[in-house]
Amino acid sequence: MTEEAREITHDTLFGGRVALAQPARDRGYRVNVDALLLAAFAARARRAKSAFDLGAGVGAVGLSLLHLDLADHVTMIEKDPSLAKLARENARANGWADRMTVLCCDVAGDSVCAPSGLAGRADLVVCNPPYVLPGRGHAPSAVRADAKMGSLDIFVHVARILAGPRARVRFIYPAIEATTLLETLRGRGLEPKRLRTVHGKPLEKARVVLVECVAGRPGGLVIEPPLIETDGHGKRSPEMNALLGS
């Protein structure tokens, strides 16, 4: 086995239906359930012709959108060349190479990602953005620091540029920073229209929030019933079982 092969694990999503190559533990940022929560949050909206995933990593959200038949085509934007390479490999491994495009660039500075040629092209934008602002705390671990430390505003700004006139833009973000997310979205002209909190256990404070927004007038925010991940005794809730095995 080559050293490069030792750096990668071959895993699956949705009960084995979607193949996923990703960095081995302690070798890079690994996919967690938030990617699937974000994709599933799109399930009740109309099917997207052109979806964009900002900060796509190895492509878990984009793969989930295609698996759930929520998009015709997904463009993934990822700045880390090794993760972008894995995203392309994952697209091929699942037979979706013709339905996924991977752009290896940085939304914060690369001209191809400051999407002059892509403006208004999306009817769905999804993003699991950095949640530790530079100079404000620390990312959970060294291998996650690059993926999870950065400016939320840059991702919101690019999402707004990409979004077409009827586009839906969806973010997942730590619940403790929900006001930061909502203020940043509104500051860039994206109005929150749907919000759902996710709780690890019943009666536990929210872990993350899922927010859907559109470019438009203020008002009309629907706060949905919470999603509970476990029963508090180690068993997944029925909704989580349905989501992870779908």
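Just above sits the structure.
Residues numbered from 1 in each chain as written. Predicted model: local features only at pLDDT ≥ 70, side-chain atom pairs only at ≥ 80, totals over all residues. Heavy atoms only, no water.

**Here's the deal with the overall build of the protein**
Selection criterion: Under the scheme used here, helices are H or I runs from DSSP no shorter than 4 residues and strands are E runs no shorter than 2 residues, and both carry numbers assigned from the N terminus. For every residue, the accessible area obtained with a 1.4 Å probe (protein chains only) is divided by the maximum for its type, and the residue is called buried under 20%, exposed over 50%, and partly exposed between those limits. Whether two residues are in contact is decided by their heavy atoms: any pair within 4.5 Å suffices. Areas reported here follow the Shrake-Rupley algorithm with a probe of radius 1.4 Å; residue values treat only the protein chains shown as occluding.
The helix and strand tally for the protein stands at eight helices and 11 strands. Counting across all 246 residues of the protein, residues that qualify as buried make up 48%. Expressed as a percentage of contacts within the protein between residues at least 6 apart in sequence, the contacts between residues at least 24 apart total 67%. Summed over all atoms, the accessible surface of the protein reaches about 11800 Å², with 54% contributed by carbon and sulfur.

**So, the pairing of strand β4 (residues 71-78)**
Put simply, the test is: When DSSP locates at least two bridges between a pair of strands, those strands are taken to pair. The definition of a right-handed crossover adopted here requires that, viewed with the strands pointing away, the path from the first strand over the helix to the second runs clockwise.
Counting buried residues in β4 gives six out of eight residues, a clear majority hidden from the surface. Sheet analysis places strand β3 (residues 48-54) next to β4, joined by six bridges and oriented parallel. Paired with A48 across the bridge in β4 is A71. Bridge analysis of β4 against strand β5 (residues 100-104) gives five bridges, and the strand direction is parallel. Residue pairing for β5: I77 is matched across the bridge by L103. Handedness of the β4-helix α4 (residues 81-93)-β5 crossover: right-handed.

**Quick word on helix α6 (residues 152-162)**
Definition in use: Note that the arc is computed from the directions linking the helix axis to the C-beta atoms.
Of the positions making up α6, those classed as buried are L152, F155, V156, V158, A159 and L162. The arc that holds the buried residues of α6, viewed along the axis, is 165°, so those residues lie on one side. Turning to α6, the residues buried within the fold contact β3, β6 (122-127), β7 (163-174), α7 (178-187) and β8 (190-199).

**Looking at the layout of surface pockets**
Cut-off, in case you're wondering: The method works on a 1 Å grid over the protein atoms by themselves. A cavity is a set of points holding a 1.4 Å probe that cannot get out, a pocket is an open set with protein on both sides within 12 Å along at least five of seven lines, and residues with an atom within 4 Å of a point line them. Grid points are joined across faces, edges and corners, and a volume is the space filled by probe spheres set on the points. Here the term charged refers only to Asp, Glu, Lys and Arg, the term nonpolar to Ala, Val, Leu, Ile, Met, Phe, Trp, Tyr, Cys and Pro, and the term polar to all other amino acids, Gly among them.
Taken as a whole, the second largest pocket encloses approximately 240 Å³ of empty space. Of all the secondary structure elements, the ones that give two or more residues to the lining of the second largest pocket are α2 (33-40), β8 and α8 (238-245). The element contributing the most residues to the lining of the second largest pocket is α8, with three residues. Looking at side-chain class alone, the lining of the second largest pocket contains 11 nonpolar, one polar and five charged residues.

**A word on the packing of aromatic side chains**
Spelled out, the test is: Ring geometry is summarised as follows: Phe, Tyr and Trp rings, the Trp one being its six-membered ring, pair when their centres sit within 6.5 Å, and such pairs are stacked at plane angles under 30 degrees, edge-to-face over 60 and tilted between the two. Only lysine NZ and arginine CZ atoms are considered, and such an atom sits over a ring when it is within 6 Å of the ring centre and within 35 degrees of the ring normal.
Tallied over the entire structure, the rule returns zero aromatic pairs. Looking at R194, its charged tip hangs above the ring of F41, at a distance of 3.9 Å from the centre.

**So, the packing of α2 against helix α3 (residues 60-67)**
Here is the rule we go by: Interaxial angles span 0 to 180 degrees and are taken between N-to-C directions of axes, which are lines fitted to C-alpha atoms, for helices over the stretch in contact. For classification purposes, an angle smaller than 35 degrees is called roughly parallel, one larger than 145 roughly antiparallel, one from 65 to 115 roughly perpendicular, and anything else oblique. Less than a right angle of anticlockwise turn of the near helix away from the far helix marks a crossing as left-handed, whereas a clockwise turn marks it as right-handed.
α3 packs onto α2 with a crossing angle of 40° between their chain directions and a minimal axis gap of 9 Å. Relative to α3, the element α2 is oriented oblique. The handedness of the crossing between α2 and α3 comes out as right-handed. Seen from α2, the contacting residues are A35, L36, L38 and A39; seen from α3, they are A60, V61, S64 and L65. Here the residues of the contact of α2 with α3 sort into seven nonpolar, one polar and no charged.

**Topic: the pattern of salt bridges**
Applicable threshold: A pairing counts as a salt bridge when a side-chain nitrogen of Lys or Arg comes within 4 Å of a carboxyl oxygen of Asp or Glu.
Inspection of every chain in the model, using the stated rule, returns 13 salt bridges. The shortest N-O distance in the salt bridge between D72 and R47 comes to 1.8 Å. Within this pair, whereas D72 is found in strand β4, its partner R47 is found in the loop between α2 and β3, the two being separated by 25 residues in sequence. A relative accessible area of 31% means that D72 is categorised as partly exposed. D153 is paired through a salt bridge with R188; the nearest N and O atoms lie 2.7 Å apart.

**A word on the side chain of Q22**
For clarity, the threshold we go by: Under the rule applied, a polar contact is a pair of N or O atoms within 3.5 Å (in protein, one hydrogen donor and one hydrogen acceptor; residues adjacent in sequence only if both atoms are side-chain atoms).
Relative to the helices and strands, Q22 is located in strand β2 (residues 18-23). Accessibility expressed as a relative area gives 4% for Q22, which makes it buried. There is a polar contact of 2.8 Å between the side chain of Q22 and the backbone nitrogen of V31. Q22 has contacts with E7, I8, T9, D11, R30, V31, V58 and L86, leaving out every residue within four places of it along the chain.

**Let's talk about empty space enclosed by the protein**
For the coordinates displayed, the defined rule picks out one cavity of 30 Å³ or more. Here the largest cavity defines a volume of roughly 50 Å³. Every residue along the wall of the largest cavity is listed here: A42, A45, R46, A48, L70, D123, L124, R168 and R170. Going through the elements one at a time, β6 and β7 are the ones with two or more residues in the lining of the largest cavity. Considering only residue class, the lining of the largest cavity consists of five nonpolar, no polar and four charged.

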